[in-house]
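Below are the chains, spelled out letter by letter.
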Amino acid sequence: MKDINMTFREFAKDNLVILDGGMGSLLDGYGMLPGEAPEEWNISHPEIITSIHRAYFDAGSNVINTNTFGANLLKYAEEELEKIVSAALGCAKAARNSSKSKKEKFIAIDIGPTGRLLKPFGNLDFEEAYRSFCKTVTLGEKYGADLIVIETMNDSYETKAALLAAKDSSTLPVIVTNAYGSDGKLLSGASPEAMVAILEGMGADYIGANCSLGPNALLGVIGKIISESSLPCVFKPNAGLPEIVDGKTVYNLDAESFAEEVYTAVKMGARIVGGCCGTTPEYIFALCQRLEGVSPCKITPKHNTVITSYCKAHSFDGKITLIGERINPTGKKRLRTAVEGCDIDYIVNIAVDEEVLGAHALDVNVGAPGCDEVVFLPNIISAIQYSVPLPLVIDTSNPDAMEAALRVYNGKALINSVNGKRESMERIFPLMKRYGGAVIALTLDEAGIPNTVSGRMNIAKKILEVAESYGIDKKDIIFDPLAMAVSVDKNSARVTLETVRLIKTELGCHTSLGVSNISFGLPKREAINSAFFSMALESGLSAAIMNPASSEMMKTYYASQALLGFDDNFESFVSASEFFETSDGKAIKLTDNKVSCQNLTDAIVKGFKESAAALTRELLKSKESMSIITEDIIPALDTVGKGFEEGKIFLPGLLLSAETAKCAFEEIKLIMPKSESKRTVSIVIATVKGDVHDIGKNIVKLLLENYGFEVIDLGKDVPPENILGAAKENCADIVALSALMTTTIPAMEETVKLIRKELPQAKVIVGGAVLNAEYAKKLGADFYGKDAMSAVRYAEMVEKEKNK
């Protein structure tokens, strides 16, 4: 029995924690049929669920996950969901009460992904996902869960929705584990470093990786999490890779080998370990035996200041951080008009320009007369964050607009700003705590801006003290000592520079400045700005909000990084020499009167939907439809596809370009005869029987359609005979099958066999998180689609062979 005085947090603080193993494969052994929902067995077969939980406890698990991986409001009515969760907790408690193990025992309410892609690329709204997760969390706590486990998440945005729901709806400790691919990233492109920053910032208690691969294949991911995180690391890998033996799906690691590989992760620093797909109580017993007498590694607090986009982490690691300042309508008539007119493409193009020019993060400010910031700021944040993979700085003095933007932001943002006024700190610090984020802190308060170093330092110390009372670490406070116009006060530069130095040396914090403020009211501002920038760098400045199109400022930046030893062999400085020479000492001209993409290919690559549609309409006046497709649209998709295959563009960028191409195609369809646009290969696609996850399928469908292929989408949970019938009816050249869950692999195998028997001329593509090329071959498939672009390439190859 669990010591009622011992909470999970207390136990995990000083002990290695052993989790449970897989559930679905065991239920298969008990006769669960393809298409049956595992969570419904909590009600229909409680004795079996209880026996599995008890077997894990008896094997040595400290924590078992309830059989609720797929239980959510998107799948069940509220009353039905409550019955399932109640029964699941009942089974878990019965197992705990009847277990013979003397170890500490805890029960986690298990929450898996919804199986749907969130907007803007899918049809699931963030708020709908959030509400669904909230309900499952609330029911879990109501019926006696000790902690919350959010697992197998392969999208950072859905992970955010689930964690936000958990923290808002409960006080229970939260474990979050993501499913990383063989490339070490999530499906949506997020790196382990980015996920560490996002999850720590939002208040997860324990973070790590589960599913996808075997232990050794995930050690690189685990190593990055441990090196970056100050939280206990969780590791729950599969039992290696799946294989088919005697018609059954098995995994290629035995219990002892699995235990040995997980032991390696524990020695690296993992503290909470168990198994996922393919593991059984035997595996957990072997793991407990291997870890007998092993003490958990000490967690080393990290003091990294990190902000992220949806995919990339940017660390304030000694190199200067350049924050692009151009998305701010103050003094910019054309940009103000774009803000007032909600011209998103124009604004996004400025962001693209700033990335090209070398910015590491982008400040986004849309404060202008007539602009409803609460509505428009989150909209423009959403648009920019998927067009440019840089972290964003959310810049507004409107707290409601700030919260709206933070809620939709997919990453850990930099908030601009808080100051020493009590009201400011009371509004901003709770938002930081809830949504995660770092913040720029201005050294001013109710009395104004001190004109002395000591005055500004006192405000900085006050801000740190108040932040600490909210549980906010000083690593997430970046101070702006305020560069004031030297034309007004000749000492202002010296005060600011000395404050920068003392904040770094005495407070141990990072600093940022709006560098160009120093020259306000003076001629030859570029000269003053670049000189001040150089002096600020010498004083220890961490970040500069500046115009990356400024030749003089960028010369100073590249030269200083080289002189400070951050530019090996002066490579960046040399490569930037062309920038210096062609700019002739003047600022490079950014977007002026219209979006700079002057052709359709460029618009699709950048993801400008409205521009793509308008450019297509214009092209149709002078160019044949098929010529536009082959000379403009397909080359754009190929450019983005190649970037995706090389790891330079991530899934959101790929999908954004695909959606943009779709806008162009819609214009063409209005005037193009159907027969003219038809490819010679038809494709039937489906998620197999028993599997309700269709994210991967939908992505593949979107890409194929944008390459002009006819795709008949049968949806999810489709029986083999229905897939065969549709393939015959549509004379399919290719049948594409998707599965996420191990338990649905038999249905996939059955479907492949049926296609082979009844429609042998059709090619079969299979894909999904539980598959690999070798496994696909054993299933009898012709091709394993590791991602959407590989499916497109295969379809093109099939068409080429057909047309010979």
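Now for a quick tour of the structure. (Residues numbered from 1 in each chain as written. Predicted model: local features only at pLDDT ≥ 70, side-chain atom pairs only at ≥ 80, totals over all residues. Heavy atoms only, no water.)

Some details on the nonpolar core
Right, on to step 1. Formed by 202 residues in total, the largest nonpolar core has its most connected members in I347, I384, F429, I477 and I633.
Right, on to step 2. In terms of residues, this core owes the most to one element, helix α26 (residues 651–669), which gives nine residues.
Right, on to step 3. The contact partners of F429, leaving out residues within four places of it in the chain, are V418, I463, V466, A467, Y470, I472 and I477.
Right, on to step 4. Residues A686, I723, A732 and A776 belong to the second largest nonpolar core, which totals 29 residues. (Core = buried A, V, L, I, M, F, W, Y, C linked by side-chain atoms within 4.5 Å. Buried < 20%, exposed > 50% of the residue type's maximum accessible area, 1.4 Å probe, protein only. Helix = DSSP H or I, 4+ residues; strand = E, 2+ residues; numbered from the N terminus. Contact = heavy atoms within 4.5 Å.)

A word on a nonpolar patch on the surface
Right, on to step 1. The grouping of L563, F570 and V574 at the surface amounts to a nonpolar patch, some 320 Å² of accessible area in total.
Right, on to step 2. Mapped onto the elements of the fold, V574 is located in helix α21 (residues 571–575).
Right, on to step 3. Since its relative accessible area comes to 51%, V574 is described here as exposed. (Patch = residues over 30% accessible without salt bridge, like charges linked within 9 Å, V, L, I, M, F, W, Y side chains within 5 Å. Areas by Shrake-Rupley, 256 points an atom, 1.4 Å probe, with all protein chains shown as cover. Salt bridge = Lys/Arg side-chain N within 4 Å of Asp/Glu carboxyl O.)

Describing unusual backbone geometry
Right, on to step 1. A cis amide bond links K119 with the next residue in sequence, P120, at an omega value of 15 degrees.
Right, on to step 2. If you trace the backbone, P120 turns up in the loop between β3 (106–111) and α6 (126–142).
Right, on to step 3. Between N416 and S417 the backbone carries a cis peptide bond, its omega angle lying at 20 degrees.
Right, on to step 4. Mapped onto the fold, S417 is located in strand β16 (residues 414–419).
Right, on to step 5. Although it is not a glycine, T152 sits at a positive phi angle of roughly 60 degrees.
Right, on to step 6. Structurally, T152 can be placed in strand β4 (residues 147–153).
Right, on to step 7. Judged by relative accessible area, which is 10%, T152 ranks as buried.

Digging into helix α10 (residues 255–268)
Right, on to step 1. The first and last C-alpha atoms of α10 sit 20 Å apart over 14 residues, in line with the 20 Å expected at 1.5 Å per residue.
Right, on to step 2. Within α10, burial applies to A255, F258, A259, E261, V262, Y263, A265 and V266.
Right, on to step 3. Tucked inside the fold, the buried residues of α10 contact α9 (219–228), β7 (233–236), β10 (270–273) and α11 (281–290).
Right, on to step 4. Among the residues trailing α10, G269 stands out with phi positive, at a value near 135 degrees. (Expected span 1.5 Å × (residues − 1).)

Description of helix α14 (residues 373–387)
For an α-helix, the turn length of 3.6 residues means that residues three or four places apart are oriented alike.
Right, on to step 1. Taking 1.5 Å as the rise per residue, α14 with 15 residues should run 21 Å; its terminal C-alpha atoms sit 20 Å apart, in good agreement.
Right, on to step 2. Considered for burial, the residues of α14 that qualify are E373, F376, L377, P378, I380, I381, I384, Q385, Y386 and S387.

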